[in-house]
Amino acid sequence: MLSSMTPTIVEKDGKLKLVVGTPGGSTIITSVFQTIVNILDFQMDAAAAVAQPRFHHQWLPDSIQVEKGGLSDTVVAQLKSKGHAFKFRKQYGRVEAILVTPDGRLQGGADPRGDDHAAGY
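Per chain, the residues get numbers from 1 upward, laid out in the order the sequence is written. The predicted origin of the model limits local features to residues at a pLDDT of at least 70 and limits the giving and counting of side-chain atom pairs to 80 or more, whereas totals for whole chains, interfaces and linings rest on all residues. Hydrogens and waters are ignored; side-chain quantities use all the structure's heavy atoms.

**Examining the pattern of salt bridges**
Using the following cut-off: Salt bridge, as used here: a side-chain nitrogen of Lys or Arg that lies within 4 Å of a carboxyl oxygen of Asp or Glu. Only DSSP runs of H or I with at least four residues qualify as helices, and only runs of E with at least two residues qualify as strands; both kinds are numbered from the N terminus onward. When accessible area is computed with a 1.4 Å probe and restricted to protein chains, residues below 20% of their type maximum are described as buried, those above 50% as exposed, and intermediate ones as partly exposed.
Counted according to the given criterion, the structure contains six salt bridges. Between Asp111 and Arg54 there is a salt bridge whose closest N-O contact spans 2.9 Å. On the criterion of sequence distance, the pair formed by Asp111 in the segment after strand E7 (106-110) and Arg54 in the loop between helix H2 (46-51) and strand E3 (55-57) is long-range, its members being 57 residues apart. The exposure class assigned to Asp111 is buried, which follows from its relative accessible area of 0%. Residue Arg54 is classed as buried on the basis of its relative accessible area of 1%. Residues Arg113 and Glu67 are paired through a salt bridge, measuring 2.8 Å at the closest nitrogen-oxygen approach. Of this pair, Arg113 sits in the segment after E7 while Glu67 is found in strand E4 (residues 64-67), placing the two residues 46 residues apart along the sequence. Neither Arg113 nor Glu67 differs from the other in exposure class; each is buried.

**A word on the side chain of Asp111**
Inclusion rule: Throughout this description, a polar contact denotes any pair of N or O atoms lying within 3.5 Å of each other; where both atoms belong to protein, one of them has to be capable of donating a hydrogen while the other can accept it, and for residues adjacent in sequence the pair is counted only when both atoms sit in side chains. What makes two residues a contact is simply this: any of their non-hydrogen atoms within 4.5 Å.
At 2.7 Å, the side chain of Asp111 and the side chain of Arg113 are in polar contact. Discounting residues that sit within four places of it in the chain, Asp111 has contacts with Val50, Arg54, Gly93, Arg94, Val95, Glu96 and Asp116.

**Some thoughts on the sheet that holds strand E5 (residues 86-89)**
What holds strands together in a sheet is hydrogen bonding between their backbones, with the strands either parallel or antiparallel. Applicable threshold: Following DSSP output, two strands are said to pair if at least two bridges run between them. Whenever a helix is involved, its axis is fitted only over the stretch in contact; in every case the axis is a line through C-alpha atoms, and angles between N-to-C directions fall within 0 to 180 degrees.
The strand order across the open sheet built from three strands is E3-E4-E5, with neighbouring strands paired in mixed fashion. The strands lining the two open edges of the sheet, one partner per strand, are E3 and E5. The sheet shows a mean angle of 20 degrees between the axes of neighbouring strands, taken without regard to direction. Two strands pair when backbone bridges link them, and E4 and E5 are joined in this way by four bridges, in the parallel orientation. When the sheet's bridge partners are listed, Val66 is paired in E5 with Phe88. Packed on one face of the sheet, helix H3 (residues 73-81) meets E4 and E5 and runs near 150 degrees to E5.

Function cannot be inferred from these measures alone, as they are strictly geometric.
Shown next as structure tokens:
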């Protein structure tokens with residue numbers, strides 16, 4: 001089941017690095033993956049990573065779902081020229097993440113698409 005693909009725990013050198021999860025059925029995998037890439041590859045903090053625009057594609061329906069800013073206009077035009085269909089969505093997913101910073105502090109990221117917020121004590 002696609003809906004059982006979350007939460008995701010990421011370790012580095014045997015130590016906790018990141019915990020991330022979201023509801024969303026078939027969009028769970030891409031939402032979680034894009035958030036992990038934003039943090040690990042693009043060095044974003046947790047809040048910025050979960051707030052980034054997203055895109056999603058699956059076999060059926062055969063269209064690329066894109067939030068505003070999820071793909072550049074150039075990429076959309078190139079994909080359309082190759083026959084891809086698009087569905088532009090206001091939003092999807094509500095990712096939550098906890099990142100362990102290099103100094104061991106916990107950094108929360110709550111998706112601004114919902115009424116979520118990150119708080120600590």
